[in-house]
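Observations on the three-dimensional arrangement
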Amino acid sequence: MHHFDYRDGVLHAEDIPLPRLAVEVGTPFYCYSTATLERHYRVLAEAFAGQDAVICFAVKSNSNQAVLKTMARLGAGMDVVSEGELRRARAAGVPAEKIIFAGVGKSREEMAYALSEGIFSFNVESEPELVALSEVAEGAGVQARVAIRVNPDVDAKTHAKISTGKSENKFGIPYLAAIPLYEKARRLPGLDVSGIHMHIGSQITDLAPFRDAFRLMRDLALELRREGHAIHHLDIGGGLGVPYRGSNEVPPHPDEYAMLVRETLGDLGARIYLEPGRMIVGNAGLLVTRVLYVKDGAGKRFTIVDAAMNDLIRPTLYEAYHEVWPVLMSRLSGPRVMQDIVGPVCETGDYLAVERELPAFEAEELVAVMTAGAYGAVMSSTYNTRLLVPEVLVNGHEFAVVRPRPSYDDLIGLDRLPSWLAG
Ligand code: LLP
């Protein structure tokens, strides 16, 4: 559920009409809804209410300070994958003891910084990384709390590029290698290895792969405890999907997901850590763009808009489907045309929607690309020397530009001329 609706014939973000934002910030821009963010967090928190569980928002899905602060105020911890994300989480006021540092390749500098901040735990993905972390921690005179990420070889049945829990994926250590690695890790002086981490993929719309992974996690926890390891926390990752295609795609409800966690892991007496990103912020954001031109090609229509693949790369990178809504509701009852929604970037792959029956849009009108709150702005770039897309956060009848559009001077001014070309 989200808080983007037509009121008086115009698409609103909560109480704010999108055309008003377009006048204020220009197009394209991302728009997020506070009420939607809060609702999704609360639904998940309530689903886990009876369990000892900590929600660590996956910063990679949307790292805007205003979004992170909204999450932090609700009590969320955070899952970070770089020093930059850790700095963002801390800047948004997230207590260090609620931060988990994941990722397949942390540098020693990043480890040292995270230890100096006093984060809760590291999710470690290889033996050499365990050794490095132990050395860095010893050097700093501390012990690093660790969960080892185990790859359960479970098919999450999602897009290949966002599937992480198969043996051919780079993530984690093989399930069968876990016991000997925990044994080795126990002997490393800088580590307190007391958790297990799994994350099998993203945009998962079926509970079965989670069930398989959680059962394997359970077996491993029991086996490790039999071997004398203290397993205090289980990090079950993120991955719960969202409905990109309205009611045609119904991912499991957080209540069902929480029930499954209780059934499979609930009696182990270990604290559960969750790392949701998309399910909290996906539906809480959209990308507003303006139609520049409409062109009828030989076989189909191209609606050329001012947002492009550099602003939202998901359609071309993952064949992702995002609904496209007219900002004017009257368009919904008008004629429909088979068309591609494309951007101005010089690439054939520059599209936001392909072969869709959509309203016959006209130049200058606004359209909204839905469910763009997760992995939208964070993956944007300045390709074709296009300015980084701005972000707006709405809260009831208030709104704020939470990342302004930079100027061309800002962007070009990042480059430096070498001495032999200067002057
Ligand atoms: N935890 C770990 C270890 C992860 O790798 C991820 C996402 C998450 C949690 C959060 O997953 P979520 O709850 O958001 O599904 N750019 C892609 C998605 C990449 C996901 C990467 N890892 C997309 O646009 O679909």
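Our subject is the structure listed above.
Report follows, based on the coordinates. (Residues numbered from 1 in each chain as written. Predicted model: local features only at pLDDT ≥ 70, side-chain atom pairs only at ≥ 80, totals over all residues. Heavy atoms only, no water.)

Per the stated rule, a full pass over the model turns up 21 salt bridges. When the shortest N-O distance is used, the salt bridge between R7 and D15 registers 2.9 Å. Since its relative accessible area comes to 36%, D15 is described here as partly exposed. Here D340 and K300 are joined by a salt bridge, their closest N and O atoms 2.9 Å apart. Placement of D340 in strand β17 (residues 336–342) and of K300 in the loop between β14 (285–296) and β15 (301–305) is noted, with a sequence separation of 40 residues between them. Of the residues examined, K300 reaches a relative accessible area of 24% and is grouped as partly exposed. (Salt bridge = Lys/Arg side-chain N within 4 Å of Asp/Glu carboxyl O. Buried < 20%, exposed > 50% of the residue type's maximum accessible area, 1.4 Å probe, protein only. Helix = DSSP H or I, 4+ residues; strand = E, 2+ residues; numbered from the N terminus.)

With three bridges connecting them, strand β5 (residues 53–58) and strand β13 (residues 271–274) associate as parallel partners. Bridged to I55 within β13 is L274. Bridge analysis of strand β12 (residues 233–235) against β13 gives three bridges, and the strand direction is parallel. Bridged to D235 within β13 is Y273. Once you follow β12 into helix α9 (residues 254–265) and on to β13, the crossover reads as right-handed. (Pairing = 2+ DSSP bridges. Right-handed = clockwise from strand over helix to strand, strands pointing away.)

Turning next to the site of the ligand. What surrounds the ligand is a group of 19 residues, the closest being S202, E275, R314, Y318 and Y375. Within the side chain of E275, an N or O atom sits 2.6 Å from a nitrogen atom of the ligand. For the ligand, a nitrogen atom lies 2.7 Å from a polar atom in the side chain of Y318. Look at the ligand: alone it shows 590 Å² of surface, and the protein chains cover 91% of it. (Near = heavy atom within 4 Å. Polar contact = N/O pair within 3.5 Å; in protein donor to acceptor, adjacent residues only side chain to side chain. Areas by Shrake-Rupley, 256 points an atom, 1.4 Å probe, with all protein chains shown as cover.)

Overall, the coordinates contain two cavities of 30 Å³ or more when judged by the stated rule. Reported here for the largest cavity is a volume of approximately 40 Å³. Along the walls of the largest cavity sit L44, G237, G238, G239, L240, Y257, L274, E275, P276 and M279, which together make up its complete lining. A per-class count over the lining of the largest cavity returns six nonpolar, three polar and one charged. Forming the walls of the second largest cavity are M198, H199, I200, F210, A213, F214 and I236. (1 Å grid on protein atoms, 1.4 Å probe; cavity = no way out; pocket = protein on both sides within 12 Å on 5 of 7 lines; lining within 4 Å. Points joined across faces, edges and corners; volume = space filled by probe spheres on them. Nonpolar A, V, L, I, M, F, W, Y, C, P; charged D, E, K, R; others polar.)

Counting buried positions along β15 yields four of five residues, so the element is predominantly enclosed. Summarising the sheet, β14 and β15 pair through five bridges and their orientation is antiparallel. Bridge assignment links Y293 to a residue of β15, and that residue is I304. Connecting the antiparallel pair β14 and β15 is a turn made up of four residues. Sheet topology places β15 next to β17; four bridges connect them, and they run parallel. Opposite T303, over in β17, you have I341 as the bridge partner.

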